[in-house]
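The lines below spell out each chain.
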Amino acid sequence: MGRGKTKYIETPEKFWELFEDYRKDTKDNPRIKVEYVGKDGDRMETPLVRPLTIEGFENYVADLGVIQDLGHYFANTDKKYNDYRTICSRVRKAIRQDQIEGGMVGQYNASITQRLNSLKEQTETTVTEQPFFPETE
């Protein structure tokens, strides 16, 4: 019996561990917004919490030298990653939760968060035609 190709991330548990490491690294290393304020132009640095993203997670594991692309895991290519389906779903949900909650409290740009997560507010508009010159009696 032939052996299949060894997976770069050996187990779903290891996948989750890498995600948790990514989450901690992301939250522990904010971006810094630099502004010059006041009449003297004093430098002011404001730490900005970084949102979680699939792309950020992929870059994180690539930078560690684990794997360059997680697409096969998330897509379950050829059903070779069935054991990873639950953990990939959990990772997607954790990222989505971070983005949505961050957008809701104003931590992240709400409109970008809405677009990334396919959230939209629907309004219904009814157009009633009005005659340009109303008839007079």
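Remember, it's a predicted structure, so these values are computed and weren't measured experimentally.

Asks: How should the overall build of the chain be read in this particular structure?
Replies: If you tally the helices and strands in the chain, you get five helices and two strands. Counted from the first residue to the last, the chain has its helices and strands arranged as α-β-β-α-α-α-α. Counting across all 137 residues of the chain, residues that qualify as buried make up 26%. Summarising the internal contacts of the chain: among those between residues at least 6 apart in sequence, 53% fall at separations of at least 24. Summed over its atoms, the accessible surface of the chain is roughly 11,100 Å², and 48% of this surface lies on carbon and sulfur atoms.

Asks: I keep staring at the confidence of the model for the chain and nothing clicks. Help me out?
Replies: Interpretation of the predicted coordinates at a detailed level should be avoided for regions scoring low in pLDDT. Averaged over all residues, the pLDDT of the chain is 87; the fraction at 70 or higher stands at 82%. For the chain, helix 5 (residues 110-116) is the element with the lowest average pLDDT, namely 78, and helix 1 (residues 12-28) is the one with the highest, namely 98.

Asks: Explain the environment of Gln-114 to me, please; I cannot follow it from the model alone.
Replies: Among the structural elements, Gln-114 can be located in helix 5. A relative accessible area of 39% means that Gln-114 is categorised as partly exposed. Separated by 14 residues in the primary sequence, Gln-114 and Ile-100 have C-alpha atoms spaced 7.5 Å apart.

Asks: How should the side chain of Gln-99 be read in this particular structure?
Replies: The topology assignment puts Gln-99 in helix 4 (residues 85-104). Gln-99 sits in the buried class, given a relative accessible area of 9%. Discounting chain neighbours no more than four positions away, the residues touching Gln-99 are Leu-52, Thr-53, Tyr-108, Thr-113, Leu-116 and Asn-117.

Asks: Mind showing me how you'd approach the packing of helix 1 against helix 2 (residues 54-63) here?
Replies: For any two helices packed against each other, one specifies the inter-axial angle together with the distance between the axes. Across the interface, helix 1 lies against helix 2 with an axial gap of 10 Å and an inter-helix angle of 105°. The angle between the axes of helix 1 and helix 2 places the two elements in the roughly perpendicular class. Within the contact between the two elements, helix 1 uses Phe-15, Leu-18, Phe-19, Asp-21, Tyr-22 and Asp-25 and helix 2 uses Gly-56, Phe-57, Tyr-60 and Val-61. Its residues assigned to classes, the contact of helix 1 with helix 2 comprises seven nonpolar, one polar and two charged.

Asks: Honestly, the pattern of salt bridges in this entry has me stumped. Any pointers?
Replies: Opposite charge on two side chains permits them to pair, given that their charged atoms come into close proximity. A complete count under the given rule lists six salt bridges for this structure. Here Glu-20 ties to Arg-23 by a salt bridge, and the two come within 2.6 Å at their closest N and O atoms. Taken together, the residues Glu-20 and Arg-23, both in helix 1 and three residues apart, mark about one turn of the helix. For Glu-20, a relative accessible area of 31% gives the class partly exposed. Between Arg-43 and Glu-45 there is a salt bridge; the shortest N-O distance is 2.8 Å.

Asks: Even after reading the chapter, I still don't get the packing of aromatic side chains, so can you show me in this structure?
Replies: How two aromatic rings sit relative to each other is given by the distance of their centres and the angle of their planes. On inspection of all chains with the given rule, the structure shows twelve aromatic pairs. Between Phe-15 and Tyr-73, the ring centres sit 5.6 Å apart and the planes meet at 40°, which makes this aromatic pair tilted. Pair noted here: Phe-15 is in helix 1 and Tyr-73 is in helix 3 (residues 71-75), with a separation of 58 residues, a long-range link. For Phe-15, a relative accessible area of 0% translates into the label buried.

Asks: Got a minute to help me understand the nonpolar core in this structure?
Replies: Note that soluble globular proteins tend to have their nonpolar side chains buried in a common cluster. In terms of nonpolar packing, the biggest core is built from 22 residues, with Phe-15, Phe-19, Phe-57, Leu-70, Tyr-73, Phe-74 and Val-91 touching the most fellow members. Elements with a contribution of two residues or more to this core: helix 1, helix 2, helix 3 and helix 4. Setting aside its immediate chain neighbours within four residues, Phe-74 contacts Phe-15, Ile-54, Phe-57, Cys-88, Val-91 and Arg-92.

The rules behind these values
Chains are numbered independently. Their residues run from 1 in the order of the written sequence. Given that this is a predicted model, residues contribute local features only at a pLDDT of at least 70 and side-chain atom pairs are listed and counted only at 80 or more, while totals for whole chains, interfaces and linings are drawn from all residues. Note that water and hydrogens are dropped before the side-chain values are worked out from all heavy atoms of the structure. Every helix listed is a DSSP run of H or I at least four residues long, and every strand listed is a run of E at least two residues long, numbered separately from the N terminus. Throughout, exposure labels follow a simple rule: accessible area from a 1.4 Å probe, protein chains only, divided by the maximum for the residue type, with under 20% read as buried, over 50% as exposed, and the rest as partly exposed. The contact definition used throughout considers only heavy atoms, calling two residues in contact when any of these lie within 4.5 Å. Every accessible area reported is derived by Shrake-Rupley at a probe size of 1.4 Å, with residue values counting cover from the shown protein chains alone. Here pLDDT means the predictor's own confidence in every residue, given as a number from 0 to 100. Between N-to-C directions, angles cover 0 to 180 degrees, with each direction set by a line fitted to C-alpha atoms, over the stretch in contact for helices. In what follows, roughly perpendicular refers to angles from 65 to 115 degrees, roughly parallel to angles under 35, roughly antiparallel to angles over 145, and oblique to any angle outside these ranges. Residues are grouped as follows: nonpolar covers Ala, Val, Leu, Ile, Met, Phe, Trp, Tyr, Cys and Pro; charged covers Asp, Glu, Lys and Arg; every other residue, Gly included, is treated as polar. Note on definitions: salt bridges are taken to be side-chain nitrogens of Lys or Arg within 4 Å of carboxyl oxygens of Asp or Glu. Any two rings among Phe, Tyr and Trp, with Trp reduced to its six-membered ring, count as a pair given centres within 6.5 Å; such a pair is stacked if its planes are under 30 degrees apart, edge-to-face if over 60, and tilted if neither. To qualify as a nonpolar core, a set must consist of buried Ala, Val, Leu, Ile, Met, Phe, Trp, Tyr and Cys residues joined through side-chain atoms within 4.5 Å.

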